[in-house]
Amino acid sequence: MPQFPALKNDLLLRAARGEKTERAPVWIMRQAGRHLPEFMKLRETHGFFEICQTPALACEVTLQPVRHYAGLLDAAIIFSDILVIPQAMGMEVLMQPGPHFTEPLSSPEDVKKLLVDVDVHAAMELRTVFEALTLTRTELKGEVPLIGFCGGPWTLFAYMVEGGGSRSYSKVKSWLFKYPEESKALLDRIATVCVDFLVGQARAGAQLLQVFDTNAGELSPYDFHTFAFPALQRIGKEVHERLGADAVPMTLFAKGANHAIAHLAEHAGYDVLGLDWCIEPSEARRLVAGKVALQGNMDPDILYGGAEAIEATVKRTAESFGGSKGWIANLGHGITPGANPKDVRWFFECVHKYSAL
């Protein structure tokens, strides 16, 4: 593994291990992106996937929020996209402005079009993420830890069949119900790439890994446990095993699957569970019973509520988590483009204040 500067701020990693910290570490999903004017300036001359696949540009965008909120952020997350895995499997994905698959999978017969074996170190879409991680870890100079990530297999599967975002998910759910065994086989193939990709990210410099299963809440509890959970469990287990002594903490964010929190804490094999804003932190603490750390979970739209509402929400959330032990402060989903950086700064300042009490 490459040699990197010594880490100066390890709050995130200590919290991920379930330790009590002097305050909760804080970062936000999608912190590198459209809410920052410096990112939008860069987008004037560079395409979205061009940035993802150009290590120097991905590094620059990853560092932008760390610089913008100097001294307030406790993590950087590499600028990339969950859809680099379907791209590496042979599918074309465009941003128009949201993700668009030019040839989504319409039946199990289409699976034959996918690459049988994906070499994550050869596939341009994934290799460039490794290069960006190594460069960014060096450029951070140990200021904060660097997070790597991938999408959860069910969420990626949904995009690959629906061809983009969806309101009903009727196409991909019809796959689950009509072709359950073929669906499980494809989910497992995606999980194989996820494992290799996450292991490669840790070896390239990522100090924590997150799996984003943001469509988990579209499944019933039965279907989540039947289709989504086995692949998530396999990822958690195999990434830890393959990294061995070099293992880094892992976070699972199964958005909308609050029904499964106790089960995930006991059986999924992750160090941290990310929470959406639809569960009270004190209840999540009760359900996980100290088996994992927790991340979250304020409604992203609180950032539009003004300073008083932001402060009140952060204070109440900190009280509900019951202290900074094993808590990584975050939103319950990604920040949206219209958020004002001044309000985001205030959010960070409030976390620093109220999580230290």
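Preceding this paragraph is the structure being described.
Okay, so let's go over this structure. (Residues numbered from 1 in each chain as written. Predicted model: local features only at pLDDT ≥ 70, side-chain atom pairs only at ≥ 80, totals over all residues. Heavy atoms only, no water.)

## Re the overall build of the protein
Right, so step 1: A count of helices and strands for the protein gives 14 helices and nine strands.
Right, so step 2: For the protein, the spread of C-alpha atoms along the three principal axes comes to 55 × 45 × 40 Å.
Right, so step 3: For the protein, the accessible area works out to roughly 14300 Å², and carbon and sulfur atoms hold 52% of it.
Right, so step 4: Computing the positive centroid from 35 side-chain charges and the negative centroid from 42, the protein places the two 3 Å apart. (Helix = DSSP H or I, 4+ residues; strand = E, 2+ residues; numbered from the N terminus. Areas by Shrake-Rupley, 256 points an atom, 1.4 Å probe, with all protein chains shown as cover. Lys, Arg positive; Asp, Glu negative; His and termini not counted. Charge placed at Lys NZ, Arg CZ, Asp CG, Glu CD.)

## Quick look at unusual backbone geometry
Right, so step 1: Looking along the chain, the bond that leaves Gln 96 and enters Pro 97 is cis, with omega of -15°.
Right, so step 2: With respect to the element layout, Pro 97 can be found in the loop between β2 (93–95) and β3 (99–101).
Right, so step 3: Cis geometry is found at the peptide bond from Gly 296 to Asn 297, where omega equals -5°.
Right, so step 4: If you check the backbone angles, Ala 289 has positive phi at about 50° while not being a glycine.
Right, so step 5: In this structure, Ala 289 sits in the loop between α12 (281–288) and β8 (293–298).

## Points about the nonpolar core
Nonpolar side chains in soluble globular proteins tend to be buried together.
Right, so step 1: Core analysis: the largest hydrophobic core is formed by 136 residues, its most contacted members being Ile 85, Leu 126, Phe 157, Phe 224, Ile 235 and Phe 347.
Right, so step 2: Tallying contributions element by element places helix α9 (residues 180–204) first for this core, with twelve residues.
Right, so step 3: In this view, Leu 126 contacts Val 84, Ile 85, Ala 88, Val 118, Val 120, Val 193 and Phe 197; residues no more than four positions away in its chain are not counted. (Core = buried A, V, L, I, M, F, W, Y, C linked by side-chain atoms within 4.5 Å. Buried < 20%, exposed > 50% of the residue type's maximum accessible area, 1.4 Å probe, protein only. Contact = heavy atoms within 4.5 Å.)

## Description of the environment of Asp 81
Right, so step 1: By the secondary structure assignment, Asp 81 is in the loop between β1 (76–77) and α5 (84–88).
Right, so step 2: For Asp 81, a relative accessible area of 15% corresponds to the buried category.
Right, so step 3: Residues in contact with Asp 81, not counting those within four places in the same chain, are Phe 48, Phe 49, Cys 52, Met 95 and Phe 149.
Right, so step 4: Within the local environment of Asp 81, its side chain forms a polar contact with the backbone nitrogen of Leu 83, the two atoms lying 2.8 Å apart. (Polar contact = N/O pair within 3.5 Å; in protein donor to acceptor, adjacent residues only side chain to side chain.)

## A short note on the pattern of salt bridges
Right, so step 1: Applying the stated criterion to the full structure yields 20 salt bridges.
Right, so step 2: Between Glu 238 and Arg 234 there is a salt bridge; the shortest N-O distance is 2.9 Å. Linking Glu 238 with Arg 234, this pair stays in helix α10 (residues 221–243), spanning four residues, or about one helical turn.
Right, so step 3: When salt bridges that share partners are traced, they join Asp 10, Arg 14 and Glu 22 into one network. (Salt bridge = Lys/Arg side-chain N within 4 Å of Asp/Glu carboxyl O.)

## Brief notes about the packing of helix α8 (residues 170–178) against α9
Right, so step 1: One way to put it is that α8 packs onto α9 with a least axis distance of 5 Å and a crossing angle of 115°. In this view, α8 runs roughly perpendicular relative to α9, as classed from their interaxial angle. Residues Trp 175, Leu 176, Phe 177 and Lys 178 of α8 lie in contact with α9, whose contacting residues are Pro 180, Ser 183 and Leu 186. (Axes fitted to C-alpha atoms, helices over the stretch in contact; angles between N-to-C directions. Parallel < 35°, antiparallel > 145°, perpendicular 65-115°, else oblique.)

## Looking at the environment of Ala 6
Right, so step 1: When you line up the elements, Ala 6 lands in the segment before α1 (11–16).
Right, so step 2: Note: C-alpha distance between Ala 6 and Val 144 (138 residues apart in sequence) is 9.9 Å.

## Some remarks on the sheet that holds strand β9 (residues 327–331)
Right, so step 1: The sheet built from seven strands is open, its strands ordered β1-β4-β5-β6-β7-β8-β9 with parallel pairing. In the strand order of this sheet, the two ends are held by β1 and β9, each with one partner. (Pairing = 2+ DSSP bridges.)

## A word on the environment of Val 161
Right, so step 1: By the secondary structure assignment, Val 161 is in helix α7 (residues 153–162).
Right, so step 2: Placed 85 residues apart in sequence, Val 161 and Asp 246 show a C-alpha to C-alpha distance of 35 Å.
Right, so step 3: Dropping the residues within four chain positions of it, Val 161 is found in contact with Pro 104, Leu 105, Lys 171, Val 172 and Trp 175.

## Points about helix α4 (residues 55–68)
Within an α-helix, residues lying three or four positions from one another point in the same direction, as the helix has 3.6 residues per turn.
Right, so step 1: Relative to the 20 Å expected for 14 residues at 1.5 Å per residue, α4 spans 20 Å between its end C-alpha atoms, a close match to the ideal helical length.
Right, so step 2: Most of α4 sits out of view: ten of its 14 residues are buried.
Right, so step 3: For α4, the complete set of buried residues consists of Pro 55, Leu 57, Ala 58, Cys 59, Val 61, Thr 62, Leu 63, Gln 64, Pro 65 and Val 66.
Right, so step 4: Those residues of α4 that are buried lie in contact with α2 (37–43), α3 (48–52), β1, α6 (124–139) and β4 (146–151). (Expected span 1.5 Å × (residues − 1).)

By themselves, these observations are geometric and do not establish any function.
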